[in-house]
There are 2 protein chains.
Amino acid sequence: MEMRSLFEPRAIAVIGASSNPEKIGYRVVENIVQSGYPGGVFPINPKGGEILGLPAYASLSDVEEAVDLAVIAIPAPRVLEAVEACGVAGVKHLVVITSGFSEVGDLETERRIVSVARDHGMRVLGPNVFGIYSAASSLDATFGPGGIAPGPVAIVTQSGALGIAMIGKTATESVGLSAVVSVGNKADIDEADLLEYLVQDERTRVILMYIEGVKDGERLGRTLAEATARKPVVVIKSGRSKRGSMAAASHTGSLAGADEVFDAVMRQSGVLRAESVQEAFTWVRYLASTPHPVGDDAVIVTNGGGIGVLATDACEKHGVTLYDDQAVLAAVFSGVMPDFGSSKNPVDLTGQATAEDYARSLDAVLAEDRMHAAIALYCETALFDTARFADLLRDVYARYRERKPIVFSLFGGERIDTVIRDLRAEGIPVFGDVYQAVSALGALYRSKRWRRQPKGAIEPIDLPIEEIRGILDRARADGRAFLLAPEAARVAALLDLKMPISRVGRSLDEAVRLGGEIGYPVAMKIVSKDIVHKSDAGGVALDLENEDELVDAYQAILRSCRASVPNAIIEGIEVAEMVRPGIETIVGARQDQSFGPVVMFGLGGIYVEVMKDVVFRAAPVGRSTAREMISELRSYPLLLGVRGERRKDIVAIAEVVVRLGYLVERCREIADIEVNPLIVYDHGEGTRTVDMRILIKQPSGGEPT
Amino acid sequence: MEMRSLFEPRAIAVIGASSNPEKIGYRVVENIVQSGYPGGVFPINPKGGEILGLPAYASLSDVEEAVDLAVIAIPAPRVLEAVEACGVAGVKHLVVITSGFSEVGDLETERRIVSVARDHGMRVLGPNVFGIYSAASSLDATFGPGGIAPGPVAIVTQSGALGIAMIGKTATESVGLSAVVSVGNKADIDEADLLEYLVQDERTRVILMYIEGVKDGERLGRTLAEATARKPVVVIKSGRSKRGSMAAASHTGSLAGADEVFDAVMRQSGVLRAESVQEAFTWVRYLASTPHPVGDDAVIVTNGGGIGVLATDACEKHGVTLYDDQAVLAAVFSGVMPDFGSSKNPVDLTGQATAEDYARSLDAVLAEDRMHAAIALYCETALFDTARFADLLRDVYARYRERKPIVFSLFGGERIDTVIRDLRAEGIPVFGDVYQAVSALGALYRSKRWRRQPKGAIEPIDLPIEEIRGILDRARADGRAFLLAPEAARVAALLDLKMPISRVGRSLDEAVRLGGEIGYPVAMKIVSKDIVHKSDAGGVALDLENEDELVDAYQAILRSCRASVPNAIIEGIEVAEMVRPGIETIVGARQDQSFGPVVMFGLGGIYVEVMKDVVFRAAPVGRSTAREMISELRSYPLLLGVRGERRKDIVAIAEVVVRLGYLVERCREIADIEVNPLIVYDHGEGTRTVDMRILIKQPSGGEPT
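Residues numbered from 1 in each chain as written. Chains lettered and ligands numbered in written order. Predicted model: local features only at pLDDT ≥ 70, side-chain atom pairs only at ≥ 80, totals over all residues.

1. Side note on the domain arrangement of chain A
Residue and element names in this part refer to chain A.
Right, so step 1: Assigned domains of chain A: these are domain 1 (4-286), domain 2 (291-452), domain 3 (456-499 + 580-705) and domain 4 (501-578).
Right, so step 2: At the interface, 12 residues of domain 1 touch 9 residues of domain 3.
Right, so step 3: For the side of domain 1 that touches domain 3, the secondary-structure elements that each account for two or more residues are α7 (217-228) and α9 (259-268).
Right, so step 4: A total of 5 residues in the side of domain 1 that touches domain 3 trace back to one element, the largest contributor, which is α9.
Right, so step 5: Taken together, the residues that form the side of domain 1 that touches domain 3 break down as 5 nonpolar, 4 polar and 3 charged. (Domains from an automatic or database assignment. Contact = placed C-beta atoms within 7 Å. Helix = DSSP H or I, 4+ residues; strand = E, 2+ residues; numbered from the N terminus. Nonpolar A, V, L, I, M, F, W, Y, C, P; charged D, E, K, R; others polar.)

2. Looking at helix α2 (residues 24-34) of chain A
All names here are of chain A.
Right, so step 1: Where burial is concerned, most of α2 is hidden: 8 out of the 11 residues are buried.
Right, so step 2: Of the surrounding elements, those touching the buried residues of α2 are β1 (11-15), β2 (40-44), β3 (50-51), β5 (69-72), β8 (131-134) and β9 (139-142).
Right, so step 3: One or two steps after α2, the chain reaches Gly36, where phi turns positive at roughly 85°. (Buried ≥ 20, exposed ≤ 12 C-beta atoms within 10 Å, placed from the backbone.)

3. So, the sheet that holds strand β6 (residues 93-96) of chain A
All names here are of chain A.
Right, so step 1: Pairing in this open sheet of 5 strands is parallel, and the strands run β2-β1-β5-β6-β7 from one edge to the other. Here the strands that pair on one side only, and so sit at the sheet edges, are β2 and β7 (123-125). Mean inter-strand twist for the sheet, computed between neighbouring axes without regard to direction, equals 20°.
Right, so step 2: Contacts between α2 and the sheet are confined to β1, β2 and β5, with β1 contributing the most and set at about 160° to the helix. (Pairing = 2+ DSSP bridges. Axes fitted to C-alpha atoms, helices over the stretch in contact; angles between N-to-C directions.)

4. Thoughts on the environment of Gly105(B)
Residues and elements named next belong to chain B.
Right, so step 1: Position of Gly105 relative to the elements: it lies in the loop between β6 (93-96) and α4 (107-119).
Right, so step 2: When the 9 C-beta atoms within 10 Å are taken as the criterion, Gly105 is described as exposed.
Right, so step 3: Put simply, Gly105 and Lys344 are 239 residues apart on the chain and 62 Å apart in space, counted from C-alpha to C-alpha.

5. Some words on the interface of chain A and chain B
Right, so step 1: Facing 74 residues of chain A, the contacting portion of chain B comprises 73 residues.
Right, so step 2: Those elements that place two or more of their residues in the side of chain A that touches chain B are α5 (160-172), α8 (242-251), α10 (277-289), α11 (305-318), α15 (414-425), α16 (434-452), α21 (606-610) and α23 (636-640) of chain A.
Right, so step 3: Looking at the side of chain A that touches chain B residue by residue, the classes come out as 30 nonpolar, 27 polar and 17 charged.

Structural data, given as structure tokens:
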């Protein structure tokens, strides 16, 4: 476990420790001391003296104990030298708080820091970070506000300012932390490295990440998928909008990936993506304190019909299923339902329900095995006893919190606000807004579904990669960044994609034989380097329905071409399959700048161009994932068959998706490969690759587009 | 102003007043007295005596003063009798708090209450309401929590429980109220009646409505459009989801309209539709206290890059435009920007900015005429002086609040929370979440844009409505709920819609002449009542390119038909225009259950069926609104011309939309009319109505579907 000594160092040095409380080097030492870190703490300052009661060392070489972790908070020009000294002293991890490197354009120094560190076997967090907090070691090595309470939530943040503010927020929201790490410029250690530690860390029950840009997205996606199989990961990714992603790029050293690809990879990894910081906190807090439901059926209990309807809307939006057996509902609530009430779900107790009625109904839901979660809504009524009501909610929550998910949403004035505030401070999931409450439960549902869902296996497929690579190499040797049509056709054949069959006949007899083999209708085209405008020369015939037509056309083509270009050397006549009409689709795969190999599927023509109806995944994908991609298209019903049409050959499409995805993952020389159109026929009748285009990555790393 | 005596009664009777503090009849009197209502208050209770110091009358007839408003809170079986007594006593408005009418299935008593009231010239609010609050009369005639502070926001709610809770919420959120009305079952008075009063009420600056179901949506839409031209209206409509709308229907007496139509009419009326109660409150509070921006360009000022990027994303989502002149930005911030900061918008002062830097930068934005609104974001930093910071924000807000919109979003721990709480209590728009802050500003932007946007005029068009009505009447007299093809064709002609030209020729010569007139290619079809399966009898010929082909086909058709059905009486041969291929669209119009006449446009075939890409409006619509509808389709680029295609004839489509909308508005007998497909050609080449279907409303009110 390479990151252990970052989170659990045996001794720490603070390079740039200061006795001036205004300095970062003071605050870091102060936080380390105050957090109760049990290991050795060694302030390093050329002036020596004493800092917060600890003796300061002029140099790291003066420290005799083995130091695992060095926190560096000195001006940028002196950092490299300090890194060298740390290496010599046998430090294992560096936390470089200092800023002023790649984020302001100085990539070179940053690279050298990492390179020197690596030469000494050190790993670097930062630069441009606020430090690290680790509950495992009672260690707060940040310059944040201090006073962090230990608990189940780990935070990994690319924004320092937001990270410090989040530490504050968790304190007021009574959310305990297992770790907080600022990743800054990610010159060396990135989210994936940290995830590897946090996944196996038993203190950490939920991971919250703020991401602006992704560098090695391929590894990130893989590590996230491993993490979400064991604990929920909530990600806030800024730069969704075009302008936002420009702002993100200007503010950090890394580029934000195209949001569609990011979003696809996050879903593929089982990550819960939050839109705002508030939403992320709502989810994290709830996920950290709530058991997964054993089934899908939730029940809404309300004393106000209006708010019950709003909750129903919210359930649909957030993927929360409502229990629907009317007979069981009627039976369960028969003893506890006031007059005028409705036992339909939402269960409406009406404003006439007392607090006791309300608590009894909630109890009825939670005691019933067929009901798996409760959404408890309450509107303030004129006659309302705050303290009594709060006690009833406390009691219900205490009895069921370990067994079933519950969310409360209360709505009203000062007295309701007091109840919300008090219960929240005790860690009870009480909200002031129905949508927020249901959104929390929805996150839990998604996390549960993901955990139980069988993960699509990636079946190994046997492709002649070396042969394909040979074709690419020859094109590259030719100075080309793309394949010529016959080369692409050869790759298609190696991938087992069906292109329209096409052969060259040297005589009429041979043409007749080819027509029979290929199957009518066929097209014919003159093959001659000397005839450039084949149609103009009468060298093309389409839609030949039978042998007679083929014979006529063969003779007519030769006649016209000889008349038109008398000296042309004619090599033969190409006989080609006429592609039957079908549904036009596109399958593409490419090396994404941030996420590496990705594969894309969409309906062709106007669907992809006008409606932007496409689906992405990180490649490779297995057959089940490919079919899942296809089913996610908005225009999927077209492939299932609408208006009397038959179901299309989805299995055959999936096969093309799988093969292209596999190819770009194995063959990184391919910058971009696209089958457009891929014509799809009825179920069982396969597909035809009408055109395939392949772009090759240039050795310089430049990508043709 | 018919509603004046509801909001501004000279004297009030409370029928069912009680001296038992547990009773609604007590709480209403208590609220009236405590709210400081200056007019006469007359508790009515058969037992007489004294209630809260007021003499109680045994009967309304004992009251000598003229009573404008009677609040009824007695058991349901006695309400009708009380209504009669109120009528006799000359009461003008009734507020029927009592429940147990249409909402539990008793429509009949509710109808009689309204009918008796109307006979006496009274209007009825309710039944099943919590009462009314009106700041104009210092009157709280509800059984709510009391203590309502007067202010600029009016609330109209269909849910009583939610209404009472909202009163409480406004108090804690320091939102003053101009009026609160519970509409309950809407047996008589509905939202439109109330809007008419609230629009002209000068105290009311913003109107907040909670709607579950709509009865007279046509009038509601019209009244809302008049209202939003003068003040913002925020609507929360529950029942968005399928299940939610079922729940809404079970909980109130009215049916929730299809959400797409509701949403379309709300946008057409300039209403701001909120998803949740929290969102509605956020908007209302901000709209009530903030001037419209004079232009569109907002500037984000932040001390944290991450939160700046999140705000940029939120701006795109909520339609807030960001100022983009880099040179001006650089100039404006040159004096106030710390090192490492970025003057790009979002303006990032970095975590090193002091509170003073921050305030100075905000000031720079607000003082600059080219920048029209400020989004001020702040992340808690380690070195942070709460009181000083709050004072700086107070000062900036006080100086610019009358001139420019500002939103603040602060993020951090306990100290930040304190600042948020304190400033919010003073009415300063400070939020704890970036998305919420930007959403408030977005609502203001939309309100401003709506107010300034020229409203699409509805040009009068001259349609032969009476002639169309004649056709409908004859079909109805025939016992039909639909028009036959020739009838529909006649209506199309009267609407000036171009159907494929088609004439019947009685001889070969005549057929040849018709072919020439219509223009080749043409189709021909045998006309004979005796030949049912025309194709099977060889009675159809398509794609006739010229006169020769027509002549051959004419003779072939006659020959085959005579051979196939020897005794058939042949009336002639129909010669019809072959419709050239173009883009298939659908235009429809119908009487919506809730909203009356509505018109719909979408692309045809798979687009409407699979992608649900359609746009609705309440009818009639003018030409500019019709063009706006067309432009709102996701597939609009198809009509603008993609992939080298030419722009389609949008003007001609709009004309069809206008005509159908106008027709269903004038001709309520038409239940449903649909042109499908309407084939659209290139710009200037018009459209063809290939098929038109018309359903007629049955006199019983039943609608064929």
